[in-house]
Amino acid sequence: MEAENALTTTTGRNLQPTSSVGTEDFVTFEIEDQLFGIPVLKIQDILKPEKIASVPLAPPEIRGSINLRGRIVTVIDVRVRLGLKPGNADESMGVTVEHHHDLYTLLVDKIGDVISLASSAFDKAPDTLDPKWRQFAVSVVRLEKRLMVVLDVERMLEI
């Protein structure tokens, strides 16, 4: 997908990048009331995964696979990847990303908004962040009332 095209998701949200010079757009989502973000240009789709087929002998963070427009997509439970209890797949949303020419859907608790952030807003992940989370954190951003952890999608998908 070309960066200048809007990404319309299966949930009806428009993920048109709106960043200007010195800013970057992020899709936000929540896991256990913690806000996370992924750069919008890494996102292929946002969806409500249905009919997740289990994958025998897969690691616990691999929930299974789905068919997305004729492509087999591996579904990763981000909660498990972050060391938390598995989520309820029926209530989860999926953020689909591409990694090494394969598609992966990251199961998250709740999708947030697309926010545009100045490059000066990013801080190093604090030492107090859970070590399991810190290994996947690129940085953190202090928002008005919350802290957003920016995830490294590539590192998260190295299973």
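The rules behind these values
- Residues numbered from 1 in each chain as written.
- Predicted model: local features only at pLDDT ≥ 70, side-chain atom pairs only at ≥ 80, totals over all residues.
- Heavy atoms only, no water.
- Helix = DSSP H or I, 4+ residues; strand = E, 2+ residues; numbered from the N terminus.
- Buried < 20%, exposed > 50% of the residue type's maximum accessible area, 1.4 Å probe, protein only.
- Pairing = 2+ DSSP bridges.
- Axes fitted to C-alpha atoms, helices over the stretch in contact; angles between N-to-C directions.
- Phe/Tyr/Trp six-rings, centres within 6.5 Å; stacked < 30°, edge-to-face > 60°.
- Core = buried A, V, L, I, M, F, W, Y, C linked by side-chain atoms within 4.5 Å.
- Contact = heavy atoms within 4.5 Å.

It is worth spelling out unusual backbone geometry at this point. Here Leu-57, not a glycine, exhibits a phi torsion of approximately 65°, which is positive. By secondary structure assignment, the location of Leu-57 is in the loop between strand E3 (43–47) and strand E4 (62–68). Accessibility expressed as a relative area gives 89% for Leu-57, which makes it exposed. Phi is positive for Arg-69, close to 50°, though the residue is something other than glycine. With respect to the secondary-structure elements, Arg-69 resides in the loop between E4 and strand E5 (71–77). Given the relative accessible area of 64%, Arg-69 is considered exposed.

Turning next to the sheet that holds strand E7 (residues 102–108). Spatial ordering of the open sheet is given by E3-E6-E7-E5-E4, a layout of five strands whose pairing is mixed. Two strands lie at the open edges of the sheet, namely E3 and E4, each paired on one side alone. Mean inter-strand twist for the sheet, computed between neighbouring axes without regard to direction, equals 30°. Bridge count for E4 against E5 is six bridges, and the pairing is antiparallel. Pairing of Gly-64 across the sheet is with Val-75, part of E5.

Further remarks concern the packing of aromatic side chains. The tally for this structure, following the rule as stated, stands at three aromatic pairs. Centroid distance Phe-26 to Phe-122: 5.5 Å. Interplanar angle 50°. Geometry classified as tilted. Taken together, the residues span a long stretch of sequence, with Phe-26 in strand E1 (residues 23–31) and Phe-122 in strand E9 (residues 122–123) at a distance of 96 residues. Taking relative accessible area as the criterion, Phe-122 reaches 23% and is therefore assigned partly exposed. Here Phe-36 and Trp-133 contribute two aromatic rings whose centre-to-centre distance is 5.2 Å and whose plane-to-plane angle is 55°, an arrangement assigned as tilted. Linking Phe-36 in strand E2 (residues 34–39) with Trp-133 in helix H2 (residues 131–134), this pair joins segments that are 97 residues apart in sequence. For the residue pair Phe-36 and Trp-133, the accessibility class agrees, reading buried in each case. By the ring-pair criterion, three or more aromatic residues cluster together here, those being Phe-29, Phe-36 and Trp-133.

The strand order E8-E1-E2-E11-E10-E9 describes an open sheet built from six strands, whose pairing is mixed. Looking at strand neighbours, the two that pair on one side only are strand E8 (110–118) and E9, the edges of this open sheet.

Let us look at the pairing of E5. Between the antiparallel neighbours E4 and E5 lie two residues, among them Arg-69 with a positive phi of about 50°. As paired strands, E5 and E7 are joined by four bridges and run parallel to one another. Looking across to E7, one finds that Thr-74 is bridged to Tyr-104.

On to the nonpolar core, then. Phe-29, Phe-36, Leu-82, Val-97 and Val-108 are the most contacted members of the largest nonpolar core, which totals 30 residues. Those elements that place two or more of their residues in this core are E1, E2, E3, strand E6 (93–99), E7, strand E10 (137–142), strand E11 (147–151) and helix H3 (153–156). When neighbours within four sequence positions are excluded, Val-97 is seen to be in contact with Lys-42, Ile-43, Gln-44, Asp-102, Leu-103, Tyr-104, Leu-106, Val-153 and Leu-157. Listed in part, the eight residues of the second largest apolar core include Leu-47, Val-75, Ala-89 and Leu-103.

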